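Working through the structure, step by step
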Amino acid sequence: MTDSTRIAFSPCPNDTFVFDAWAHGRVPGAPALDVTFADIDITNGVAERRDPAFDLLKVSYAVLPYVLDDYALLPCGGALGRGCGPLVLTREAGVDLSDKRVAVPSETSTAYLLFRLWAADVVPGGGVGEIVVMPFHEIMPAVRDGKVDAGLVIHEARFTYQNYGLHKLADMGEHWEATTGLPIPLGAIIARRDLGAETLRGYADAVRTSVRLAWDDPEVSRAYVMEHAQEMDPSVADQHIGLYVNEFTADLGDDGYAAIRGLLTRAAAEGLVPALAPDALAFP
């Protein structure tokens with residue numbers, strides 16, 4: 001591996017929890033980690049541009065079909081699980097989203113891909129009106145204030161939306177799990193293929209070790225997590241970590257890979273993303 005590794009991920013508690021040990025030099029033998037915090041819409045764009053400024057990126061699984069020629073999916077470090085899907089929120093209960101304005105965190109996000117698959121099954125005519133992209137932390141206030149009719153939210157919003165007086169119209173994860181039986185793929189860690197197989201395997205080992213160290217003593221990471229959490233109560237941060245950092249973070253395993261293939265294969269069949277090559281998800 002190189003002397004320093006450049007990574008971009010979100011300031012959300014699950015990412016800072018996962019990478020705390022590596023970022024602070026507590027992973028034996030791992031290179032120094034140069035961290036840039038960026039919203040998922042930004043990191044997805046970095047990957048799509050093949051920006052060489054970063055060696056590792058946290059991106060949406062939905063962007064993988066566009067970037068896997070140049071990046072490899074790491075088998076660890078990401079966000080995938082059960083009961084952790086994006087939510088559609090509205091000011092009033094039972095809103096029909098046909099012809100409505102819906103705020104989403106990114107048009108290349110897994111949340112939006114899950115939303116489109118849900119809408120195809122549930123929304124009359126299969127579509128909504130205008131899609132408005134905005135940073136995820138702005139979505140709930142926009143719904144509350146009537147700037148949009150509904151919002152697709154991710155991360156800790158599933159624990160805090162009641163504070164905004166909002167209603168849960170639908171849970172994208174519940175729909176996905178009910179229709180497929182698979183866990184929900186959300187965020188992936190990818191690395192530049194041109195760094196070579198040995199370096200990529202070293203990155204995966206460093207991520208796994210960082211996750212294990214965080215689990216062994218969660219209090220060690222608390223300062224880093226809370227420093228970057230956006231005005232978040234510590235109990236919400238703990239819930240966030242408990243939900244999004246799980247066995248799939250340590251290793252995707254057969255169920256994790258099945259979920260990723262299931263999502264991207266179904267999305268490709270609907271014409272929403274390009275089809276994956278057979279070995280696209282293989283790790284060096």
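Notes on the structure in this doc start here. (Residues numbered from 1 in each chain as written. Predicted model: local features only at pLDDT ≥ 70, side-chain atom pairs only at ≥ 80, totals over all residues. Heavy atoms only, no water.)

**Quick look at the overall build of the protein chain**
In terms of helices and strands, the protein chain carries 12 helices and 11 strands. Since a compact globule built from 284 residues should have a radius of gyration of about 19 Å, the 18 Å found for the protein chain is in line with a globular shape. Per-residue burial over the protein chain gives 55% buried out of 284 residues. Long-range pairs, those at least 24 residues apart, make up 80% of the contacts in the protein chain with a sequence separation of at least 6. Just so you have it, the protein chain exposes about 11500 Å², and 48% of that area is on carbon and sulfur atoms. Separation between the mean location of the 22 positive side-chain charges and that of the 40 negative ones in the protein chain comes to 2 Å. (Helix = DSSP H or I, 4+ residues; strand = E, 2+ residues; numbered from the N terminus. Rg over C-alpha atoms; globule rule 2.2 N^0.38 Å. Buried < 20%, exposed > 50% of the residue type's maximum accessible area, 1.4 Å probe, protein only. Contact = heavy atoms within 4.5 Å. Areas by Shrake-Rupley, 256 points an atom, 1.4 Å probe, with all protein chains shown as cover. Lys, Arg positive; Asp, Glu negative; His and termini not counted. Charge placed at Lys NZ, Arg CZ, Asp CG, Glu CD.)

**Quick notes on the pairing of strand 9 (residues 150-153)**
Covered by surrounding structure in strand 9 are A150 and L152 together with G151 and V153, the residues of both alternating faces. Pairing analysis gives four bridges linking strand 6 (residues 87-90) to strand 9, with the strands arranged antiparallel. Looking across to strand 9, one finds that L89 is bridged to G151. Examined bridge by bridge, strand 7 (residues 102-104) and strand 9 share two bridges and lie parallel to one another. Paired with A103 across the strands is G151, a residue of strand 9. (Pairing = 2+ DSSP bridges.)

**Things to note about the packing of helix 4 (residues 110-122) against helix 12 (residues 253-269)**
Relative orientation of the contacting elements helix 4 and helix 12 amounts to 55°, with a least axis distance of 11 Å. Relative to helix 12, the element helix 4 is oriented oblique. For the crossing formed where helix 4 meets helix 12, the hand is left-handed. On the side of helix 4, the interface is formed by T110, L113, L114, L117 and D121, while helix 12 contributes L263, L264, R266 and A267. (Axes fitted to C-alpha atoms, helices over the stretch in contact; angles between N-to-C directions. Parallel < 35°, antiparallel > 145°, perpendicular 65-115°, else oblique. Left-handed = near helix turned anticlockwise from the far one by under 90°.)

**What to know about the packing of helix 7 (residues 172-180) against helix 12**
At a minimum axis separation of 12 Å, helix 7 and helix 12 run at an interaxial angle of 95°. Taken together, the axis directions place helix 7 and helix 12 in an arrangement best described as roughly perpendicular. Across the interface between the two elements, H175, W176, T179 and T180 from helix 7 touch A259, G262, L263 and R266 from helix 12. Its residues assigned to classes, the contact of helix 7 with helix 12 comprises three nonpolar, four polar and one charged. (Nonpolar A, V, L, I, M, F, W, Y, C, P; charged D, E, K, R; others polar.)

**Considering the sheet that holds strand 8 (residues 131-133)**
Overall, mixed pairing links the five strands, which are arranged 8-7-9-6-10 in an open sheet. The open sheet has two free edges, formed respectively by strand 8 and strand 10 (167-171), since each of these has just one partner strand. Neighbour-to-neighbour, the strand axes of the sheet open up by a mean angle of 30°, direction not taken into account. Packing of helix 5 (residues 136-144) onto the sheet brings it into contact with strand 6, strand 7 and strand 9, and relative to strand 9 it is tilted by some 160°.

**Let's talk about the side chain of N246**
As for its placement among the helices and strands, N246 is situated in the loop between helix 10 (234-244) and helix 11 (247-250). Overall, the relative accessible area of 11% leaves N246 in the buried class. Engagement of the side chain of N246 in a polar contact is seen with the backbone oxygen of L80, the distance being 3.0 Å. Looking at N246, its side chain comes within polar contact range of the main-chain nitrogen of F248, at 2.9 Å. (Polar contact = N/O pair within 3.5 Å; in protein donor to acceptor, adjacent residues only side chain to side chain.)

**A closer look at the nonpolar core**
Residues L57, L64, L73, L97, F115, W118 and I260 are the most contacted members of the largest nonpolar core, which totals 57 residues. Counting residues per element, this core draws most heavily on helix 4, at eight residues. (Core = buried A, V, L, I, M, F, W, Y, C linked by side-chain atoms within 4.5 Å.)

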